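Below are the chains, spelled out letter by letter.
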Amino acid sequence: MSIKTELQAALAYVNTKLVEKGGESASTVYGIGEKIENLSVSGNIIDNPSNFYDETGQTVRTLASLRNANTLFIAFITDSHIYTSNNNKQYFDAQMASLKAVCSAIKPDLVVHGGDITNGSEAKTTTVGYMKDAVKQLREIGGDNTLILVGNHDGNTVQSSSIPAADVESDYRITEAEMETLLKGWNDGFTYAGDNYTGCQFYGYKDYAALGIRVIRLHSYIENIGGGTSYFGGNGGNWGYYDDEVTWFRDVALNTDNDILILSHQTLSPILQGYAENQNIPKNGTAIQALIDNWQTNARHCIGVIHGHVHWDYFSKGNKTFNVIDHSDHSTVLTRTGTHGDFYEYAQGRAEYEASFGTSDSTPVSSYRDVPQGAVAYGRSSNNATEALWTAIVVDKTNHTIHFVRFGAGSDLSVDYTSDTVINVTGITLDQNSASVTEGNTLTLSATLAPSNATNRGVIWSSSDTSVATVSGGVVTAIAEGNCTITATAAADNTVYATCAITVTEIVRTNLLPSAVDTDGSSYNNGTGYMPDVRLHSSGSVFYDSEAIGMYTTGFIPVQYEQTVLLRNIQASTNNDYNYLAFYDSSKEMIANCSQYIKTWKNSYGLNSINEAGGYLTSFKVKADSSHDLSQAAFFRLTAELIDGTSKIYVE
């Protein structure tokens, strides 16, 4: 199956309904397949891209069920740590290919990188080169609606202790002024703090007034937290929030009745990173937590803080008591109790590939000693979609719910951000468990979710055979005669709760295959309409070749210009050189050379609308292309790998 066909099969339901949601055309999505395919020759990844296509299709289906005009959609990746010796830029490129494919179908409001684009431990020119490439790729997806947060590695100061500090300062370090040019040199629509505040160009807010949501971008990088060269060596010297930033957050950012969503590289909570609150790491994190707690009321809420840095997936409230676990043996190191943070913080797992992560979701490994209980790091598997970790975040304020749809490794999550619990769907009931529909028509399946407060989370609809029927938002479109199963899956946990058996009946058509005629006007092959063990000759000078054992050739099938031909149960391959298609005028003189394989029509000429499924021709429209004028067509003939008594040819 071709690259394009695989992605078409995975995203067969992408249609005008998704375009109406703000995405682009399905053809744009299919075009991403070539970008993914190209990665298979650049490293030891994506040798079998079908995993990416399946994951892309599943992710778009999930987002289609959650996304509407009253939601905020953020595409979020973090902690890429691009580093020459790790050869991990290929994994960032895999992220970008998958992100572009999904966001072509479902358009995000924001594309966010959560910081630590690079490892910060190479020559400045190398680091800047990686940064520029990452920014370019991210902006190809998000345009001006792209936010790149500053991580503790992004100052390029994580250098070997053998390098003199003065050399790091002159030859390695990237200043905040330089980062402003590299990472935010465009108008992203955010209102930034202003020159009265230290680090003012890196923290700001943007109101989505129609949604009642304020997105706040924090800056957890203090350029020189202790003076001198304390920011060198990656020792946490720059972890924290400026005193001025805390003031701005209190007086400006929180001056709203909208619900707030905070984006930051660092966690606000010391205990979620294994520190006690009195250690003040990150600096001023606890102070910002306390401000949020004091700001929240029954009418306005903190949706949460979404961050990277810790290289783990988790969600937790900072005012809880829980165990802190040693990353290597999972033993309880100590118990932490937070006094602030009556809101959720969400961490996304590390995007960098490390061999120590293993090849499955086995014992997780982190560069940090202590992590909160329940935190998970996911391994990456060769040639698998887990190589492209990122998260689609959908906020539904109407139902005070935040959804996390993980691409690649990780579990989807939906949380009522005003409560202490994750909403769990306990069941889905369809209004019917079987139905019959005539080809070309539609029917709508209604789904009821339990409990009732889970209805906002949506249903992922899928069809077991998209050549028979497709489904989107519960609307089933009958394609061709046959049977398939429509499945209703819970959007949050991918549990299948309900199915509906669909029988598609064929509309009344005239099958032209048995009436195909030979050159003398007689019924072809005693009325079967096809002849075995022959094929159209490649020279075009004769009508069949008796040496082509295992091939099947039709007689003359009547057709007119701009009509559409439908093929059923005919194995006419779009990849095999022995499958021919030829056109003739009313005198049965050839007007398009039958030496053109179906493969050539498809790849070189296109026939303007040639369709396939599973590598076989299913329909084509008789229309002129760049090399063939079919305006005088009156008949066509076809050679295929298999035509039998069940095969049918229709002309519409």
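Note that this is a predicted model, so its numbers are computed, not measured.

Caption draft 1: The arrangement of the layout of surface pockets in detail. Taken as a whole, the second largest pocket holds about 260 Å³ of empty space. Around the second largest pocket, the lining is made up of 14 residues, and of these Asp-313, Tyr-314, Phe-315, Gly-374 and Val-376 lie nearest the centre. In terms of residue count, the dominant contributor to the lining of the second largest pocket is strand β9 (residues 314-317) (three residues). Per-class residue counts for the lining of the second largest pocket are seven nonpolar, four polar and three charged.

Caption draft 2: Layout of the sheet that holds strand β22 (residues 469-472). A sheet is described by the order of its strands in space; here three strands give the open sequence β19-β23-β22, paired in antiparallel fashion. The strands lining the two open edges of the sheet, one partner per strand, are β19 (442-444) and β22. Averaged over all neighbouring strand pairs, the angle between strand axes comes to 20°, with direction disregarded. Sheet analysis places β22 next to strand β23 (residues 475-478), joined by four bridges and oriented antiparallel. In the strand pairing of β23, Ser-472 is matched with Val-475.

Caption draft 3: Just the pairing of strand β18 (residues 434-438), in detail. Only one face of β18 is buried: it carries Ala-435 and Val-437, and the other face, with Ser-434, Ser-436 and Thr-438, is open. Alignment of β18 against strand β25 (residues 496-505), held across five bridges, turns out to be parallel. Counterpart to Ala-435 in the pairing with β25 is Ile-502.

Caption draft 4: Geometry of the nonpolar core. Core analysis: the biggest nonpolar cluster contains 41 residues, and Leu-63, Phe-73, Leu-99, Leu-183 and Trp-390 have the highest contact counts within it. Apart from residues lying up to four places away in sequence, Phe-73 is in contact with Leu-63, Arg-67, Cys-103, Ile-106, Lys-107, Pro-108, Asp-109, Leu-110, Ala-392, Ile-393 and Val-394. Within the second largest apolar cluster, 28 residues are counted, among which are Trp-601, Val-622, Ala-640 and Ile-649.

Caption draft 5: Main features of the packing of aromatic side chains. Tallied over the entire structure, the rule returns twelve aromatic pairs. With centroids separated by 5.5 Å and ring planes inclined at 50°, the aromatic side chains of Phe-315 and Tyr-344 adopt a geometry described as tilted. In this pair, Phe-315 is assigned in strand β9 and Tyr-344 in strand β12 (residues 344-347), connecting sequence segments 29 residues apart. Its relative accessible area of 29% is what places Phe-315 among the partly exposed residues. When the ring of Tyr-530 is compared with that of Tyr-552, the centres are 6.2 Å apart and the planes differ by 55°; the resulting orientation is tilted. Placement of the pair is Tyr-530 in strand β26 (residues 530-532) and Tyr-552 in strand β27 (residues 552-554), with a sequence separation of 22 residues. Here Tyr-530 matches Tyr-552 in class, with each residue buried. Cluster of aromatic residues (ring-pair linked, three or more members): Phe-315, Tyr-344, Tyr-346 and Phe-404.

Caption draft 6: Region of the structure containing the sheet that holds strand β5 (residues 204-208). Read from one edge to the other, the open sheet built from seven strands follows the order β4-β5-β6-β7-β8-β12-β9, with strand pairing classed as mixed. The sheet is open, and its two edges are formed by β4 (191-192) and β9, each paired on a single side. Bridge count between β9 and β12: four bridges; the pairing is antiparallel. Paired with Lys-317 across the strands is Tyr-344, a residue of β12. Along the sheet, helix α9 (residues 243-253) contacts β5, β6 (213-217) and β7 (259-264); its crossing angle with β6, the most-contacted strand, is approximately 165°.

Conventions we followed
The numbering scheme is per chain: residues are counted from 1 as the chain's sequence reads. In keeping with the model being predicted, local features are shown solely for residues with a pLDDT of at least 70 and side-chain atom pairs are shown and tallied solely at 80 or more, while totals for entire chains, interfaces and linings include all residues. Only heavy atoms go into the side-chain values, all of them from the structure, while hydrogens and water stay out. Every definition here rests on a 1 Å grid over the protein atoms only: cavities are sets of points where a 1.4 Å probe fits but cannot get out, pockets are open sets enclosed by protein on both sides within 12 Å along at least five of seven lines, and lining residues have some atom within 4 Å of a point. Grid points are joined across faces, edges and corners, and a volume is the space filled by probe spheres set on the points. The helix and strand labels rest on DSSP assignments: H or I over at least four residues marks a helix, E over at least two residues marks a strand, and numbering proceeds from the N terminus. Under the scheme applied, nonpolar residues are Ala, Val, Leu, Ile, Met, Phe, Trp, Tyr, Cys and Pro; charged residues are Asp, Glu, Lys and Arg; polar residues are all the others, including Gly. Strands are treated as partners if at least two bridges between them are detected by DSSP. For helices, the fitted line uses only the C-alpha atoms of the stretch in contact; every axis is such a line through C-alpha atoms, and the angle between N-to-C directions lies from 0 to 180 degrees. Accessible area is worked out with a 1.4 Å probe on protein chains only. A residue is then buried under 20% of its type maximum, exposed over 50%, and partly exposed in between. Residues grouped as a nonpolar core are buried Ala, Val, Leu, Ile, Met, Phe, Trp, Tyr and Cys residues, joined through side-chain atoms within 4.5 Å. Note on contacts: a residue pair qualifies if any of its non-hydrogen atoms lie within 4.5 Å across the two residues. A pair of Phe, Tyr and Trp rings is counted when the ring centres sit within 6.5 Å of each other, with Trp represented by its six-membered ring. The angle between the planes then sorts it: under 30 degrees is stacked, over 60 is edge-to-face, the rest tilted.

None of the figures reported here should be taken as evidence of function without further support.
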